[in-house]
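Understanding the architecture of this molecule
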Amino acid sequence: MSKKLLLKDAHIEGIRYFETYRKQGGYTAAEKALKMTPDEILEEVKASGLRGRGGAGFPTGMKWSFLAKPEGVPRHLVVNADESEPGTFKDRYLMEFLPHVLIEGMLISSFCLGSNVSYIYIRGEYSWIPDILEEAIEEAKAAGFLGKNILGTGFDCEIYVQRGGGAYICGEETALLESLEGKRGNPRLKPPFPAVKGLWERPTVVNNVESIAAVVPIIDIGGAEYAKIGVGRSTGTKLISACGNINKPGVYEIDMTITVEEFIYSDEYCGGIPNGKRLKACIPGGSSVPIVPANLLLKTVNGEPRYMNYESLADGGFATGTMMGSGGFIVLDEDQCVVEHTMTLARFYNHESCGQCTPCREGTGWMYKILKKIENGQGKMEDIDLLWDIQRKIEGNTICPLGDAAAWPVAAAIRHFRDEFEWHVKKPELCLTQNYGLANY
Ligand code: NAI
Ligand code: SF4
């Protein structure tokens, strides 16, 4: 059974409220941290090996250490709660049921980074959650854990919640900062990174909800102990939101030592595939990461079992591996149509492109049109090669990763399921009447 750090108290009634959270030991990590120096906290976070939980997996301690500290310029912590990656809903769970873990993590992180004004930028569709967060902030403030001179340390910290307008692109950190400044959420060119020039051109750390929440157990048990959980550079625990063709969709906390097979089939997690269907493929890290067929999902290219961690999922590189990404685990059974699935994603990325770069603006729409044609039985064999060519021209040629995110699913689908694309072209009459997967070959 995986160790629980973030969700260990999730089952306790009333844990959403300060009084219950405090009774369970809440805010003791904050009390401990406020007696440490910011540098000592930073060392703990570095020692923990925590990697960004939003998708990129960038080491959090390293990101914090990049924060510029020019004299007299305010610094900010911004929590990225714009969780919009299809298949990803683990931050929603944390904020809805354990808001004080996030607020406590923000207090510790703000103290470490020297941020007196910190923000939570939350996606517009999570319309009921800002009220929960604002209530938690008020409770923490009333108990002296936010506001002026927190616990008599002389440290002041305010947290504000900003609602997004529902654009996926505002989850990209620089688009998020533009939006927070009241502008259209267009991504900025990097560098400069937000750590140097972020919100209102001030040094800013942008971190995912789960990353900041993880700071609480790190301070609680110490960075070195946290690093002992998991394996290799996949330290600590990770929240996975599981959905698709599984018996038990939901949010699970894993310690990154379990295999993909165990995660899908064990009753502790997804509980297998409904109606005894066969596993066809999986997208393990949210819609942007490459789809993996069952044979490569259950073992790596080296024949080892594939584990639910950063290194194992990426084994084989982009040619055969995939990514941990945001932990949005989507399972497809044998009846699912990869072409239809890829088309749906292409439509999504086309709709969400901000339109700044030509390869993304034009390429995503073009890919969607071709995929729609193939899915509707009007495709030609050369369309498959054209699709391949377009995604190659998008990848790596855009301002922000949305371009890559649109290209990778198409590339992986063609790489692993080319026969299914060809089948759509060769037997178009069947495309219009039924979905088909491995079972139909
Ligand atoms: P990235 O790799 O460009 O950056 C990761 C983080 O490290 C950023 O905060 C960046 O500012 C920082 N960083 C990197 N190099 C730095 C340097 N030299 N100095 C200072 N800071 C530095 O990736 P990005 O664009 O932040 O995220 C892309 C990922 O987001 C994708 O892998 C995707 O899986 C995920 N994603 C997650 C979504 C969600 O809903 N959770 C939605 C869409 C994408
Ligand atoms: Fe906008 Fe797409 Fe360019 Fe990102 S890659 S800046 S979403 S056009």
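Here's a quick rundown of the structure. (Residues numbered from 1 in each chain as written. Chains lettered and ligands numbered in written order. Predicted model: local features only at pLDDT ≥ 70, side-chain atom pairs only at ≥ 80, totals over all residues. Heavy atoms only, no water.)

For the rest of this paragraph, the subject is unusual backbone geometry. Following Lys-190, the chain continues into Pro-191 via a peptide bond in cis, with omega recorded as -10°. Assignment of secondary structure puts Pro-191 in the loop between helix 8 (173–180) and strand 4 (204–208). Omega for the bond connecting Pro-191 with Pro-192 falls within 30 degrees of zero, at 5°, which places this linkage in the cis form. Not every positive phi belongs to a glycine, and Tyr-27 is a case in point at roughly 70°. As for its position among the elements, Tyr-27 is in the loop between helix 1 (18–23) and helix 2 (28–33). (Helix = DSSP H or I, 4+ residues; strand = E, 2+ residues; numbered from the N terminus.)

Moving on to empty space enclosed by the protein. Unfilled space is identified by rolling a water-sized probe across the atoms. Across all of its chains, the model carries four cavities of 30 Å³ or more by this definition. Surrounding the largest cavity, Pro-187, Ser-353, Cys-354, Gly-355, Gln-356, Cys-357, Cys-360, Thr-398, Ile-399, Cys-400, Leu-402 and Gly-403 form its lining. For the lining of the largest cavity, the per-class residue count stands at seven nonpolar, five polar and no charged. (1 Å grid on protein atoms, 1.4 Å probe; cavity = no way out; pocket = protein on both sides within 12 Å on 5 of 7 lines; lining within 4 Å. Points joined across faces, edges and corners; volume = space filled by probe spheres on them. Nonpolar A, V, L, I, M, F, W, Y, C, P; charged D, E, K, R; others polar.)

The next subject is the site of ligand 1. As a matter of local geometry, ligand 1 sits amid 18 residues, with Gly-54, Lys-63, Ser-84, Glu-85 and Glu-173 nearest to it. Gly-55 places a main-chain nitrogen or oxygen 3.4 Å from an oxygen atom of ligand 1. Between ligand 1 and Ser-84, the relevant distance is 3.1 Å, taken from an oxygen atom to a main-chain nitrogen or oxygen of the residue. Calculation on ligand 1 without its partners gives an accessible area of 850 Å², and the protein chains cover 74% of this total. The pocket occupied by ligand 1, as judged from atoms lying within 2 Å of grid points, is the largest pocket. (Near = heavy atom within 4 Å. Polar contact = N/O pair within 3.5 Å; in protein donor to acceptor, adjacent residues only side chain to side chain. Areas by Shrake-Rupley, 256 points an atom, 1.4 Å probe, with all protein chains shown as cover. Sits in = over half its atoms within 2 Å of the grid points.)

This is a description of form; function is not addressed.
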